[in-house]
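# Architecture at a glance
Okay, here's what each chain looks like letter by letter:
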Amino acid sequence: MSERLFRVWRGGADGGLSEYRVEVNEGEVVLDALHRLQATQAPDLAVRWNCKAGKCGSCSMEINGMPRLSCMTRMSVFAEDETVTVTPLRTFPVIRDLVCDVSFNYDKAREIPSFTPDPATEPGDFRMAQVDVERSQEFRKCIECFLCNSVCHVIRDHEENQPHFSGPRYLMRVAELEMHPEDTADRRAIAQDEFGLGYCNITKCCTEVCPEGIHITDNALIPMKERVADRRYDPLVWLGSKIGVR
Ligand code: SF4
Ligand code: F3S
Ligand code: FES
């Protein structure tokens, strides 16, 4: 057991960092220390969590300047004398303490045209290739922690881009539907114009922080960019757009 120094964001957007010394035991994670802080010194500390197993996506926060799951970040990754600074996710409005408002994500989710199979296909008739099943399964591992959205420099360093860029999580969802072999909708225009795909310059930071190990950039964003480019630079599509045919 040892006592460690924490700096924790308290209050809303105009709040600040408060210092606490918190007891930490071997094998504990940052969320354990925050719970002990709540139990012993700061009973009104707002912190969101649910599963404590890296599966619900609720306990996302910035720990020493990196978006991370607090339930999966072991205290042992920090040096004994290192101060652990904990703040809310940077790219979302803070509600209080470590809790922020991620409703922007759900608004974007609702804007995505839903799965659109061909109505002429009878239920049970469509057969998916295994490669298509596996592609969707990878994307479906997402726990909606929004670490990817918080690390992406497009909005992390440029607040003015936030209304125009949905972030990697929902661009991945658009890509998942666009690449689904049974889906008939064309989501390339919405990806580019409404979700801001063009802002992504494939730095891959989103992929690096994803706790589910999803290859967001390589398997979703880059293929989606290729599809958008095919549409834009295909001379037949260009001609079609000029004469009103999609
Ligand atoms: Fe979290 Fe990964 Fe889903 Fe992004 S893609 S929300 S980092 S699980
Ligand atoms: Fe951002 Fe990921 Fe693209 S970090 S720039 S969305 S590759
Ligand atoms: Fe569920 Fe951390 S508490 S992912």
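Here is a short report on the structure shown in this document. Fair warning: this is a prediction, and the values are worked out from it, not measured in the lab. (Residues numbered from 1 in each chain as written. Chains lettered and ligands numbered in written order. Predicted model: local features only at pLDDT ≥ 70, side-chain atom pairs only at ≥ 80, totals over all residues. Heavy atoms only, no water.)

### Describing the overall build of the chain
What counts is decided by this rule: Secondary structure is summarised from DSSP: a helix means a run of H or I of at least four residues, a strand means a run of E of at least two, and numbering begins at the N terminus for each. The buried label applies to any residue whose accessible area, calculated with a 1.4 Å probe on protein chains only, is under 20% of its type's maximum; exposed applies above 50%, and partly exposed to all values in between. Throughout, a residue-residue contact means that at least one pair of heavy atoms, one from each residue, lies within 4.5 Å.
Looking only at helices and strands, one finds 10 helices and 7 strands in the chain. Projecting the C-alpha coordinates of the chain onto the three principal axes gives extents of approximately 70 × 40 × 30 Å. Scored against the burial criterion, the 246 residues of the chain give a buried share of 43%. Long-range contacts, defined as pairs at least 24 residues apart, comprise 62% of the intrachain contacts of the chain with a sequence gap of at least 6.

### What about the environment of R90?
In plain terms, the rule: In the analysis that follows, any N or O atom pair within 3.5 Å is treated as a polar contact, provided that within protein one partner can donate a hydrogen and the other can accept it, and provided that, for residues neighboring in sequence, both atoms belong to side chains.
Looking at the secondary structure, you find R90 in the loop between β5 (84–87) and β6 (94–96). A relative accessible area of 48% places R90 in the partly exposed class. Reaching out from R90, the side chain makes a polar contact with the side chain of D157 at a distance of 3.2 Å.

### Digging into the site of ligand 1
Using the following cut-off: Think of it this way: one heavy atom of a residue within 4 Å of a molecule or strand is enough to make that residue near it. Following the grouping adopted for this structure description, the nonpolar residues are Ala, Val, Leu, Ile, Met, Phe, Trp, Tyr, Cys and Pro, the charged ones are Asp, Glu, Lys and Arg, and the polar ones are all others, Gly among them.
Every residue near ligand 1 is listed here: C142, I143, E144, C145, F146, C148, R169, M172, C210, P211 and I216. Per-class residue counts for the shell around ligand 1 are 9 nonpolar, no polar and 2 charged.

### A few points about the site of ligand 2
Around ligand 2, the neighbouring residues are C152, H153, P168, C200, N201, I202, T203, K204, C205, C206, T217 and L221. For the shell around ligand 2, the per-class residue count stands at 7 nonpolar, 4 polar and 1 charged.

### Brief notes about the pattern of salt bridges
Counted only if it meets this: One side-chain nitrogen of Lys or Arg within 4 Å of one carboxyl oxygen of Asp or Glu is enough to make a salt bridge.
Applying the stated rule across the entire model yields 19 salt bridges. Here E178 makes a salt bridge to R227, at a shortest N to O gap of 3.6 Å. Placement of the pair is E178 in helix α6 (residues 168–178) and R227 in helix α9 (residues 216–233), with a sequence separation of 49 residues. By relative accessible area, E178 is classed as buried at 10%. According to the relative accessible area criterion, R227 is partly exposed, its value standing at 31%. A cluster of three or more residues bridged by salt bridges with shared partners is formed by R10, D44, R96 and D97.

### Here we look at α6
Of all the 11 residues making up α6, 10 are buried; the element is thus mostly covered by neighbouring parts of the structure. All buried positions along α6 are accounted for by P168, R169, Y170, L171, M172, V174, A175, E176, L177 and E178.

### Some details on the packing of aromatic side chains
Here a ring pair, both rings aromatic, is described through the centre-centre distance and the interplanar angle of the planes. We count it as follows: Only Phe, Tyr and Trp rings take part, Trp by its six-membered ring, and two of them pair if their centres are within 6.5 Å. Stacked means planes under 30 degrees apart, edge-to-face means over 60, and tilted covers everything else. Consider the ring centre and the ring normal. A charge sits over the ring if Lys NZ or Arg CZ is within 6 Å of that centre and within 35 degrees of that normal.
Counted by the stated rule, this structure contains 4 aromatic pairs. For the ring pair F165 and Y199, a centre distance of 6.1 Å and an interplane angle of 50° mean the geometry is tilted. One end of the pair, F165, is in the loop between α5 (153–156) and α6; the other, Y199, is in the loop between α7 (188–193) and α8 (205–209), and 34 residues separate them in sequence. Overall, F165 belongs to the buried group, its relative accessible area being 2%. One aromatic cluster is present, formed by F92, Y106, F146 and Y170 through successive ring pairs. One cation-aromatic arrangement involves K108 over F195; the distance from NZ or CZ to the ring centre is 4.6 Å.

### Re unusual backbone geometry
Positive phi outside glycine occurs at K52, with the angle close to 55°. In this structure, K52 sits in the loop between α1 (30–40) and β3 (60–63). Under the relative-accessibility criterion, K52 is labelled partly exposed at 36%. Although it is not a glycine, N64 adopts a positive phi angle of roughly 50°.

### Points about the sheet that holds β3
What counts here: Strands pair, by our definition, only if DSSP identifies at least two bridges between them. The angle between two axes is taken between their N-to-C directions and runs from 0 to 180 degrees, where each axis is a line fitted to C-alpha atoms and a helix contributes only its stretch in contact.
Judged by pairing direction, the sheet is mixed, and its 5 strands sit side by side in the order β2-β1-β5-β3-β4 without closing on themselves. Strand pairing shows two members of the sheet lacking a second neighbour, β2 (16–24) and β4 (66–69), which therefore form its edges. Strand-to-strand, the axes of this sheet are offset by a mean angle of 35°, without reference to chain direction. Pairing analysis gives 3 bridges linking strand β1 (residues 2–10) to β5, with the strands arranged parallel. Note that in β5 the partner of F6 across the bridge is V84.

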